[in-house]
Amino acid sequence: QVQLVESGGGLVQPGGSLRLSCAASGSMFRVYSMGWFRQAPGKQREWVAGITTAGNTNYADSVKGRFTVSRDNAKNTMYLQMNSLKAEDTAVYFCKYQNGLVEYWGQGTQVTVSS
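Just so it is clear, the structure is predicted and the values come from calculations on it, not from any experiment.

## Looking at the overall build of the protein chain
Then, in step 1: Along its length, the protein chain carries zero helices and 11 strands.
Then, in step 2: Ordered by position in the sequence, the α and β elements of the protein chain form the string β-β-β-β-β-β-β-β-β-β-β.
Then, in step 3: What you see for the protein chain is a C-alpha radius of gyration of 13 Å, in line with the 13 Å of a compact globule of 115 residues.
Then, in step 4: Based on the C-alpha atoms only, the size of the protein chain along its principal axes is roughly 40 × 25 × 20 Å.
Then, in step 5: Across the protein chain, contacts joining residues at least 24 apart in sequence account for 52% of those joining residues at least 6 apart.
Then, in step 6: A total of about 6100 Å² of accessible surface is found on the protein chain, and carbon and sulfur atoms cover 48% of it.

Structural data, given as structure tokens:
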């Protein structure tokens, strides 16, 4: 019903920046929420940031002040601007769409922070 495709991942040095995108397509409600999650090897998937249709945002403490989530509702695309990246940010980043009844996940994009 809803397809999500992440892009923008890659290799970056500590202190660098990356911008992730999540493009959504399919049947969607006019009001919904989207968010970013990440999963490092051997770790449980954790929530990173979320944003509502109205633009309200929330962040995990670990990324607050460094990451910024935004969305372009006309393009059905969500972004995650990641600055001051640390090695601990290394993970596969997933986007999620949720309309209150169901949720959909993308396939993820790898972010590696290393020198």
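## Some words on the pattern of salt bridges
Then, in step 1: Going through the model one piece at a time under the given rule, you end up with five salt bridges.
Then, in step 2: Residues Arg38 and Asp89 are paired through a salt bridge, measuring 2.9 Å at the closest nitrogen-oxygen approach. Linking Arg38 in strand S4 (residues 33-39) with Asp89 in the loop between strand S8 (77-82) and strand S9 (91-98), this pair joins segments that are 51 residues apart in sequence.
Then, in step 3: Here Arg66 ties to Asp89 by a salt bridge, and the two come within 2.7 Å at their closest N and O atoms. Of the two residues, Arg66 is situated in the loop between strand S6 (57-59) and strand S7 (67-72) and Asp89 in the loop between S8 and S9; the sequence distance between them amounts to 23 residues. For the pair Arg66 and Asp89, one class covers both residues: buried.

## Digging into unusual backbone geometry
Then, in step 1: We note that Asn76 has phi near 50 degrees; this positive angle belongs to a residue other than glycine.
Then, in step 2: By the element assignment, Asn76 lies in the loop between S7 and S8.

## Some details on the pairing of strand S1 (residues 2-7)
Then, in step 1: Side-chain alternation along S1 places Val2, Leu4 and Glu6 on a buried face and Gln3, Val5 and Ser7 on a face that remains uncovered.
Then, in step 2: Here S1 runs beside strand S3 (residues 18-26); their pairing, made up of six bridges, is antiparallel. Paired with Ser7 across the two strands is Ser21, which belongs to S3.

## As for the environment of Gln98
Then, in step 1: Locating Gln98 in the fold gives a position in strand S9.
Then, in step 2: Sequence separation of Gln98 and Val31 is 67 residues, and the distance between their C-alpha atoms is 9.4 Å.
Then, in step 3: Once residues within four sequence positions are removed from consideration, Gln98 is found in contact with Tyr32, Ser33 and Glu103.
Then, in step 4: Within the structure, the side chain of Gln98 is placed 3.4 Å from the side chain of Lys96, a separation counted as a polar contact.

What counts and how
Residues numbered from 1 in each chain as written. Predicted model: local features only at pLDDT ≥ 70, side-chain atom pairs only at ≥ 80, totals over all residues. Heavy atoms only, no water. Helix = DSSP H or I, 4+ residues; strand = E, 2+ residues; numbered from the N terminus. Rg over C-alpha atoms; globule rule 2.2 N^0.38 Å. Contact = heavy atoms within 4.5 Å. Areas by Shrake-Rupley, 256 points an atom, 1.4 Å probe, with all protein chains shown as cover. Salt bridge = Lys/Arg side-chain N within 4 Å of Asp/Glu carboxyl O. Buried < 20%, exposed > 50% of the residue type's maximum accessible area, 1.4 Å probe, protein only. Pairing = 2+ DSSP bridges. Polar contact = N/O pair within 3.5 Å; in protein donor to acceptor, adjacent residues only side chain to side chain.

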